[in-house]
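Listed below, chain by chain, are the residues.
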Amino acid sequence: MGLLPSRNIIEMCKEAGFISAGITKPVSTKFATEFINWLDEGKHGEMTWLANNVEIRLNPSQLMAGAQSIICVADRYAHATGNQWPDSGGLIARYAYGSDYHKQIKKRLHKICDTLAMETGEDFRACVDTAPLLEREIAANAGIGSIGKNTLLLEKGVGSWFFLGAIVTTAKIETTEHPPIDPCGTCTQCIDACPTKAITPWSVDATKCISYLTIEHRSLIDPQFFEPIGQWIFGCDICQEVCPHNQETVKGRGVQVNEAYLSERTSLNVLEVMNWDEKQYRETFRGSSMKRAKLGMIRRNAIIVAGNLMSDSKNDPFLQSIRIIAQDTNELPLVRETAIEVLERRSTK
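Please read these numbers as outputs of a predicted model, since none were measured by experiment.

Caption draft 1: Representation of the pattern of salt bridges in the model. Overall, the coordinates contain six salt bridges when judged by the stated rule. Glu 216 is the partner of Arg 292 in a salt bridge, and the nearest nitrogen-oxygen pair spans 3.1 Å. Taken as a pair, Arg 292 in the loop between helix H12 (278-284) and helix H13 (295-309) and Glu 216 in the loop between helix H7 (210-215) and helix H8 (226-229) lie far apart in primary sequence, 76 residues in all. For Glu 331, the salt bridge goes to Arg 299, with nearest N and O atoms at 2.5 Å.

Dropping the structure here:
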């Protein structure tokens, strides 16, 4: 089969609910040296899988025998308006408000794969987050957006509030590639606003990133990050919130948010989460991508947030609960040791 036109495929993706789509070739990354150096410097932290299948990450054509094209899609999960963050409570990154995006995106991509496979006789593989692909660079190559200094893909006037998905295929498809642009210029708002100084231009040290620390870091969090974590109990949106491209625009208001990602749950009760058992954890996070953080991790996070919220009063409920956890020798070590550290830091103030 010859070169397939991109227009019909892009329209199919949009009919499936994606806000945008594009097609690129599975070419080698332009940032191989930077990525390898980033790994060598340990900036991926405990995300050891990023050091696996490096050859495929650097050259996505190796993901599928005979790969000729990659279809990229974007799914919007939030409006370009400021969060009304509560004065107390555990803050949740916007992407985790609603249903798990992996399931929401993959089921639609599978339908697209099945339809195109029947029409063309070619092979198609749907990928959402778990395949060894550098999705943001691939999406930028496909013309969906540009990579900002905070390393997130964004579209001018629309912002970065979207998920990415990809379909790798043996079909030859007309590309929608655009020349790369710098969407940031001299702006450094994301860098300046990051509480842990995790961001340098077009690079993030995951070991300092609040999203990494609260979601991917499985062990004790370095106490130097306790105060900067603030109220973030799962993830962090600060670098996106301050980005000029994420402010409300006429163009942004016209981009539909997938209803599956909308939810009234935008924060968590810190005192409750500190004392969750496995049943409460599972019931609250059913169908949510927040299951990525295990029970001990989310309780650890809640204790750190509680330490940042508690008052000087000896009767403060956060303080009382932290003391009980710190004294319980049957507690999970991760949870108990975090509680002990919070109390020690309080005593030295």
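Caption draft 2: A look at unusual backbone geometry. The phi dihedral of Asn 53 falls on the positive side, at around 50 degrees, and the residue is not glycine. Within the secondary structure, Asn 53 is located in the loop between helix H2 (32-40) and helix H3 (54-58). The phi dihedral of Trp 202 falls on the positive side, at around 60 degrees, and the residue is not glycine. Among the secondary structure elements, Trp 202 is positioned in the loop between strand E8 (199-200) and strand E9 (203-204).

Caption draft 3: Quick peek at the sheet that holds strand E2 (residues 69-76). Spatially, the four strands line up as an open sheet ordered E1-E2-E7-E4, and their pairing is antiparallel. Whereas interior strands pair on both sides, the edge strands pair on one side only; in this sheet they are strand E1 (20-24) and strand E4 (124-127). On average, each strand axis in the sheet is tilted by 20 degrees relative to the strand beside it, whichever way the strands run. As paired strands, E2 and strand E7 (residues 162-169) are joined by eight bridges and run antiparallel to one another. The residue bridging Ile 71 from the neighbouring strand is Ile 167, located in E7. Against the sheet, helix H1 (residues 6-15) contacts E1 and E2, and its axis sits at roughly 145 degrees relative to E1. Against the sheet, helix H4 (residues 101-120) touches E2, E4 and E7, its axis set at about 170 degrees to E4.

Caption draft 4: Representation of empty space enclosed by the protein. Evaluation of the coordinates by the stated rule reveals one cavity of 30 Å³ or more. Put simply, the largest cavity is a space of about 70 Å³. Forming the boundary of the largest cavity are 13 residues, of which Val 27, Thr 29, Pro 60, Glu 137 and Ile 138 lie nearest the centre. Those elements that provide at least two residues to the lining of the largest cavity are H3 and helix H5 (135-141). Considering every element that reaches the lining of the largest cavity, the biggest residue donor is H5, with three residues. Within the lining of the largest cavity, the residues separate by chemical class into six nonpolar, four polar and three charged.

How each quantity is defined
Residues numbered from 1 in each chain as written. Predicted model: local features only at pLDDT ≥ 70, side-chain atom pairs only at ≥ 80, totals over all residues. Heavy atoms only, no water. Salt bridge = Lys/Arg side-chain N within 4 Å of Asp/Glu carboxyl O. Helix = DSSP H or I, 4+ residues; strand = E, 2+ residues; numbered from the N terminus. Pairing = 2+ DSSP bridges. Axes fitted to C-alpha atoms, helices over the stretch in contact; angles between N-to-C directions. Contact = heavy atoms within 4.5 Å. 1 Å grid on protein atoms, 1.4 Å probe; cavity = no way out; pocket = protein on both sides within 12 Å on 5 of 7 lines; lining within 4 Å. Points joined across faces, edges and corners; volume = space filled by probe spheres on them. Nonpolar A, V, L, I, M, F, W, Y, C, P; charged D, E, K, R; others polar.

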